[in-house]
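# Coordinates in review
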2 protein chains.
Amino acid sequence: MKYCQSCGSTVNICIPSGDNRERYVCISCGDIHYQNPKIVAGCLPVWEDKVLLCKRAIEPRRGYWTLPAGFMENEETLEQAAARESVEEANASLENLRLYTIISLPHISQVYMMFLADLNNTDFYPGVESLETELFSEEKIPWEDLAFKTIDTTLQNFFIDRKKGAFPLHSSVIEMKNH
Amino acid sequence: MKYCQSCGSTVNICIPSGDNRERYVCISCGDIHYQNPKIVAGCLPVWEDKVLLCKRAIEPRRGYWTLPAGFMENEETLEQAAARESVEEANASLENLRLYTIISLPHISQVYMMFLADLNNTDFYPGVESLETELFSEEKIPWEDLAFKTIDTTLQNFFIDRKKGAFPLHSSVIEMKNH
């Protein structure tokens, strides 16, 4: 950030009065421009003994497999965001969404919120951000070609929990450069 | 937002190519300035049969009672954010944080993430954003003077769950003008 979005003047980095960390502060109007973590909401869509993955058509990690997920938008709920992303990336019709994996990624200031969900049918197909959409059994998961560590973690949780027959909420932290 | 934070030129509101909703887009450099929901992280600190509340020293809702909570900052985890807010607002020493209440507030583009936590001692005292910090038993909770509906919901969940002896995660939505 170089310029104030309120008045167009230059911003400085300084600790505002009464604060305890550096912020972008306008040298002219004094507006403080806070920056906060973003939520990535998505789903783990399940059909019989398989799960739905999407091959990414966009960077980062174009060509790698992921679960449908993306940045939560203003004026929506977590569940709406997760369902919307599943439609946008895979045209997936889902029901019974339940929060399943929460992962803080402090090095990139993101929090993943992944929902377990039931596919209503197999009429899914790639949205513009996906090259392919496909159901995978546990044995066929392309573990070496997953896009992000968050997706790997969510899928690993799922296959372990499925053997136990219970899907409790998993809350964790991933701290690394390549998530 | 009126000006581009990258180049200082005017921004327009339009739907970028390949997108499906209105964004702030710079008429000069073309930068797209996304806006996303913010996470409010906090704690419900418990000491014996009582919970710790803070009387707000700042607007909005100055003079009303709340649980320690505030905007999650970049480069921290959910749990770190919740613990930090509890120190900043109440100098509360906490342990055993477990995620307890998640509330989407789409009308103000916020998601509350409240942790149940054990107070290590009663050496808490008000931080600069609090006028008072005090332990309340269920009978003494100032229900009519709580700052936000999210706090009311979290406390109600707690006292109901305590009678049942189990504290499952509660995920909900509050849609109203005065949360």
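Residues numbered from 1 in each chain as written. Chains lettered and ligands numbered in written order. Predicted model: local features only at pLDDT ≥ 70, side-chain atom pairs only at ≥ 80, totals over all residues. Heavy atoms only, no water.

A few words now on helix α1 (residues 78–90) of chain B. For α1 of chain B, which comprises 13 residues, the first-to-last C-alpha distance of 18 Å matches the rise-based estimate of 18 Å (1.5 Å per residue) to within 8%. Downstream of α1 of chain B by one or two residues, N91 of chain B has phi in the positive range, about 45 degrees. (Helix = DSSP H or I, 4+ residues; strand = E, 2+ residues; numbered from the N terminus. Expected span 1.5 Å × (residues − 1).)

Further remarks concern the sheet that holds strand β2 (residues 23–26) of chain A. Judged by pairing direction, the sheet is antiparallel, and its three strands sit side by side in the order β1-β2-β3 (chain A) without closing on themselves. Whereas interior strands pair on both sides, the edge strands pair on one side only; in this sheet they are β1 (11–14) and β3 (32–33) of chain A. (Pairing = 2+ DSSP bridges.)

On to the domain arrangement of chain A, then. Structurally, chain A comprises domain 1 (1–35) and domain 2 (38–173). Its C-alpha centre places domain 1 of chain A at a distance of 36 Å from the equivalent point of domain 2 of chain A. (Domains from an automatic or database assignment.)

Further remarks concern the environment of A57 of chain A. Residue and element names in this part refer to chain A. Along the polypeptide, A57 turns up in the loop between β5 (50–56) and β6 (65–66). The buried category is assigned to A57, whose relative accessible area is 16%. Taking the C-alpha atoms as reference points, A57 and K140, separated by 83 residues in sequence, lie 21 Å from one another. (Buried < 20%, exposed > 50% of the residue type's maximum accessible area, 1.4 Å probe, protein only.)

This part covers the interface of chain B and chain A. How big an interface is tends to be stated in terms of the accessible area lost upon association of its parts. Between chain B and chain A, the contact holds 35 residues from the first and 35 residues from the second. In total, about 3200 Å² of surface goes out of reach between chain B and chain A, with carbon and sulfur atoms giving 54% of it. Its largest share of buried area at the contact with chain A, chain B owes to Q5, E73 and N74 of chain B, together 18% of the area lost on that side. Our count for the chain B to chain A interface comes out at four salt bridges. Here R21 of chain A and E73 of chain B are joined by a salt bridge, their closest N and O atoms 3.7 Å apart. (Contact = heavy atoms within 4.5 Å. Buried area = accessible area lost by both parts, 1.4 Å probe. Salt bridge = Lys/Arg side-chain N within 4 Å of Asp/Glu carboxyl O.)

For the rest of this paragraph, the subject is the relation of the copies chain B and chain A. Between the two copies of the chain lies a rotation about an axis combined with a shift along it. Expressed as a screw operation, the relation of chain B to chain A combines 0.0 Å of axial shift with a rotation of 180 degrees, fitting to an RMSD of 0.0 Å. Overall, the copies show the geometry of a two-fold rotation axis. (Least-squares fit on C-alpha atoms with pLDDT ≥ 70 in both.)

All names here are of chain B. A sheet is described by the order of its strands in space; here three strands give the open sequence β1-β2-β3, paired in antiparallel fashion. Edge positions in the sheet fall to β1 (11–14) and β3 (32–33), since each has one partner strand and no second. As defined by bridge partners, strand β2 (residues 23–26) adjoins β3 across two bridges and the pair is classed as antiparallel. Pairing of Y24 across the sheet is with H33, part of β3.

All names here are of chain A. One pass over the full model with this rule turns up ten aromatic pairs over all chains. A ring pair is formed by W65 and F136, whose centres lie 4.9 Å apart and whose planes are at 80 degrees; its orientation type is edge-to-face. Pair noted here: W65 is in strand β6 and F136 is in strand β10 (residues 130–137), with a separation of 71 residues, a long-range link. For the pair shown, W65 and F136 are each scored as buried. Ring pairing ties together the aromatic residues Y100, W143, F158, F159 and F167, which thus form one cluster. (Phe/Tyr/Trp six-rings, centres within 6.5 Å; stacked < 30°, edge-to-face > 60°.)

Turning our eyes to something else, we now look at the pattern of salt bridges. Opposite charge on two side chains permits pairing when their charged atoms draw close. Within the structure shown, the criterion is met by 22 salt bridges over all chains. Between D19 of chain B and R23 of chain B there is a salt bridge, with the nearest N and O atoms lying 2.7 Å from each other. The class of R23 of chain B is buried, set by a relative accessible area of 7%. When salt bridges with common partners are traced through the structure, they connect D19, R21 and R23 of chain A together with E73 of chain B into a single cluster.

Here we come to the nonpolar core. Among the nonpolar cores identified, the biggest contains 44 residues, and L78, I102 and M113 of chain A together with L78, I102 and M113 of chain B are the most heavily contacted of them. Excluding its chain neighbours within four sequence positions, the residues that come into contact with L78 of chain A are I39, A41, M72, M113 and F115 of chain A together with I102, S104 and V111 of chain B. (Core = buried A, V, L, I, M, F, W, Y, C linked by side-chain atoms within 4.5 Å.)

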